[in-house]
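Report on the structure
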Amino acid sequence: MVNGQTVNCEQVWREISNYLEGEVDAGLREGMDGHFRTCTRCASVLAGTRNVIRLYSDERMLEAPAGFGGRLEKRLAHGARVPGRKWSTWAAWLVPVAALALFAVGLQWTNIEQGAHRILSPHAQPGDKIPPDLVVVVAADARIFHVPTCDLVQNKTNLRTLTAKEAIAEGYVPCVRCLRKYLQSASLKPEADPDADADLDVAEENPTRAR
Amino acid sequence: MAEPELALNNSDNTRTMREQALIAQVQRGQNDVFYELVRPYERRVYAAALAILHNQSDAEDVAQEAMLKALANIRQFRAEARFSTWLIQITVNEALMRRRRERTAMMEAIDDRREDEGDYTPRDFADWREIPSEALERKEVRQKLAEALGTLDQKYREVFVMRDMEQLNIQETAEALGISVASVKTRLLRARLMLRDLLAGGWEQGWFSRLPFEKGTKPW
């Protein structure tokens, strides 16, 4: 048996709530029990506090306004028919995500469209597949470089010989006829009509003849 | 003597089984039985909201919002907790959120500073006897008790309502209100002692004057 502690009124008032909750140790409980038997003031505090708990814990103290149940039932019935609240939680995310996806698709489409138009002519293909030390010739008044044996070289009396690397550095573009094998691998377009290319070359090199 | 207790237990078991069946139905998507499930707790839900918001209109609105939230999240309910406790916790969350939205940060800060200062000394030491529960049959008595509760500071009222009226335990009260267990205990002690003094004062003012108590003694 645990010996009861000696407790005074202040200790009782401090612990009375825990006492009623059953949360004081056995020694303190015994001391408080003894105190209540001899102290009418603390017995009054204990009885009154018990009354407070008992009265307020009564179901009848939980009152709601008139018609509360009916209004609640109505709102729940509406909420139950329209499962919108749960749906809207993820729908709220879905809308911006869908918008973002559409934007991304649009952006990608724009890029593809731009990409399709970016290289309009085989002449504009990058010449980086052409061996840089390949010997090529350029005419003084043209913007295209050829291998020396190319049939499309115009004005053969006024040619300058240089390497492909130098020609590219100077801004010349490769002839699609004689340098086709190097250009095809880089082209986005399917193989172009050689005659059309030849016409283009001729037009560039000799505008008067093309007309 | 054992028979009435047995009957009570059987009644509780039947109610619990009925509640579990309803929960399972709603979890399967049969939302139309949800009101039947929550009807026994609707007054408790309202009282919890009122304890925090102290305004009938807001309390009703929050109580309805809390019920809808419970319906939307019913699949998350696990049987380890009591359904009523789960409902009350949702309600307290909703009410606290509403209060935070509507009060300025300055007001919150002022309230927070007035924290459980010192011990509470009871003021009235008259002889007490048990107040008969029949007293609560009278609406004016219930009203006076509600008014006395309404005079308590917010933080004492919330804890008292959760523990002594909603029957949450100390730990559940602490979790629902987002405060420590020690704070719950301190506030609960003060709330109970203050209400005791208020009821004693109420007796002097004749709250219970038509009750059949002996002349010259308080009903507690």
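Residues numbered from 1 in each chain as written. Chains lettered and ligands numbered in written order. Predicted model: local features only at pLDDT ≥ 70, side-chain atom pairs only at ≥ 80, totals over all residues. Heavy atoms only, no water.

Section: helix 3 (residues 42-53) of chain B
Residues three or four positions apart in an α-helix share a direction because the helix packs 3.6 residues into each turn. Over its twelve residues, helix 3 of chain B runs 16 Å from end to end, which matches the ideal 16 Å to within 8%, given 1.5 Å per residue. Residues of helix 3 of chain B that are buried: Glu42, Arg44, Val45, Tyr46, Ala47, Ala48, Ala49, Ala51, Ile52 and Leu53 of chain B. (Helix = DSSP H or I, 4+ residues; strand = E, 2+ residues; numbered from the N terminus. Expected span 1.5 Å × (residues − 1). Buried < 20%, exposed > 50% of the residue type's maximum accessible area, 1.4 Å probe, protein only.)

Description of the nonpolar core
Judged by nonpolar contacts, the single largest core of 85 residues is most densely connected at Tyr56 of chain A together with Phe34, Leu37, Val38, Phe83 and Phe160 of chain B. Residues in contact with Phe83 of chain B, not counting those within four places in the same chain, are Glu19, Ile23, Leu37, Val38, Tyr41, Ile74 and Phe77 of chain B. In this structure, Val137, Cys150, Ala164 and Cys178 of chain A belong to the second largest nonpolar core, which totals 20 residues. (Core = buried A, V, L, I, M, F, W, Y, C linked by side-chain atoms within 4.5 Å. Contact = heavy atoms within 4.5 Å.)

Topic: the sheet that holds strand 2 (residues 144-146) of chain A
By definition, the strands of a sheet pair up through backbone hydrogen bonds, in either a parallel or an antiparallel sense. All names here are of chain A. Here four strands make up an open sheet; going across it, the order is 3-1-2-4 and the pairing mixed. If you trace the sheet from one side to the other, it starts and ends with strand 3 (159-163) and strand 4 (173-174), each paired once. Looking at chain direction, strand 1 (residues 135-139) and strand 2 are connected through two bridges and run antiparallel. Within the sheet, the bridge partner assigned to Val138 lies in strand 2 and is Phe145. (Pairing = 2+ DSSP bridges.)

Things to note about the state of the cysteines
Structurally, a disulfide amounts to a covalent bond that connects the sulfur atoms of two cysteines. Residue and element names in this part refer to chain A. Scanning the entire structure with this criterion turns up zero disulfides over all chains. Unpaired in terms of disulfides, Cys9 finds its nearest cysteine sulfur in Cys42, a separation of 3.6 Å. Cys42 provides the cysteine sulfur closest to Cys39, a residue in no disulfide bond, and the two sulfurs are 3.7 Å apart. Exposure remark for Cys39: the relative accessible area of 12% places this residue in the buried category. (Disulfide = S-S within 2.5 Å.)

Side note on the pattern of salt bridges
Summed over all chains, the structure comprises 22 salt bridges over all chains. A salt bridge links Arg75 of chain A to Asp61 of chain B, with the nearest nitrogen and oxygen atoms 3.2 Å apart. Here Arg75 of chain A, found in helix 4 (residues 68-81), pairs with Asp61 of chain B, found in helix 4 (residues 56-72), and the two come from separate chains. Residue classification places Arg75 of chain A among the partly exposed residues on the basis of a relative accessible area of 23%. (Salt bridge = Lys/Arg side-chain N within 4 Å of Asp/Glu carboxyl O.)

Considerations on the packing of aromatic side chains
Per the stated rule, a full pass over the model turns up seven aromatic pairs over all chains. Both rings, one in Tyr56 of chain A and one in Phe160 of chain B, keep their centres 5.1 Å apart while their planes meet at 85°; by these two values the pair is edge-to-face. Placement of Tyr56 of chain A in helix 3 (residues 40-56) and of Phe160 of chain B in helix 8 (residues 154-165) is noted, with the two residues assigned to different chains. Both residues of the pair, Tyr56 of chain A and Phe160 of chain B, belong to the buried class. (Phe/Tyr/Trp six-rings, centres within 6.5 Å; stacked < 30°, edge-to-face > 60°.)

Regarding the pairing of strand 1 of chain A
Burial of strand 1 of chain A is extensive: four of the five residues sit out of reach of the surface. Between the end of strand 1 of chain A and the start of strand 2 of chain A, which pair antiparallel, lie four residues.

Concerning the interface of chain B and chain A
The partner chain A presents 39 residues to the 56 residues of chain B that form the contact. Of the roughly 4700 Å² buried between chain B and chain A, counting both surfaces, carbon and sulfur atoms make up 62%. The largest share of the area that chain B buries against chain A comes from Arg43, Phe125 and Arg192 of chain B, three residues that together contribute 14% of it. Of all elements in the fold, only helix 2 (34-38), helix 3, helix 4, helix 7 (139-150), helix 8 and helix 10 (181-204) of chain B reach the threshold of two or more residues within the side of chain B that touches chain A. Broken down by element, the residue count for the side of chain B that touches chain A peaks at nine residues, all from helix 4 of chain B. Partitioning the side of chain B that touches chain A into residue classes produces 32 nonpolar, five polar and 19 charged. (Buried area = accessible area lost by both parts, 1.4 Å probe. Nonpolar A, V, L, I, M, F, W, Y, C, P; charged D, E, K, R; others polar.)

A short note on helix 1 (residues 9-21) of chain A
All names here are of chain A. When the terminal C-alpha atoms of helix 1 are compared, their 18 Å separation across 13 residues agrees well with the 18 Å that a helix rising 1.5 Å per residue should span. Along its length, helix 1 shows its largest kink, about 55°, at Glu15. Taken as a whole, helix 1 has its buried residues at Cys9, Val12, Trp13, Ile16, Ser17, Asn18, Tyr19 and Glu21. You can read the cap of helix 1 off the contacts: a side-chain oxygen lies 3.2 Å from the backbone nitrogen of Glu10, and it is on Asn8. (Bend = angle between axes of the 7 residues up to and from the residue. Polar contact = N/O pair within 3.5 Å; in protein donor to acceptor, adjacent residues only side chain to side chain.)

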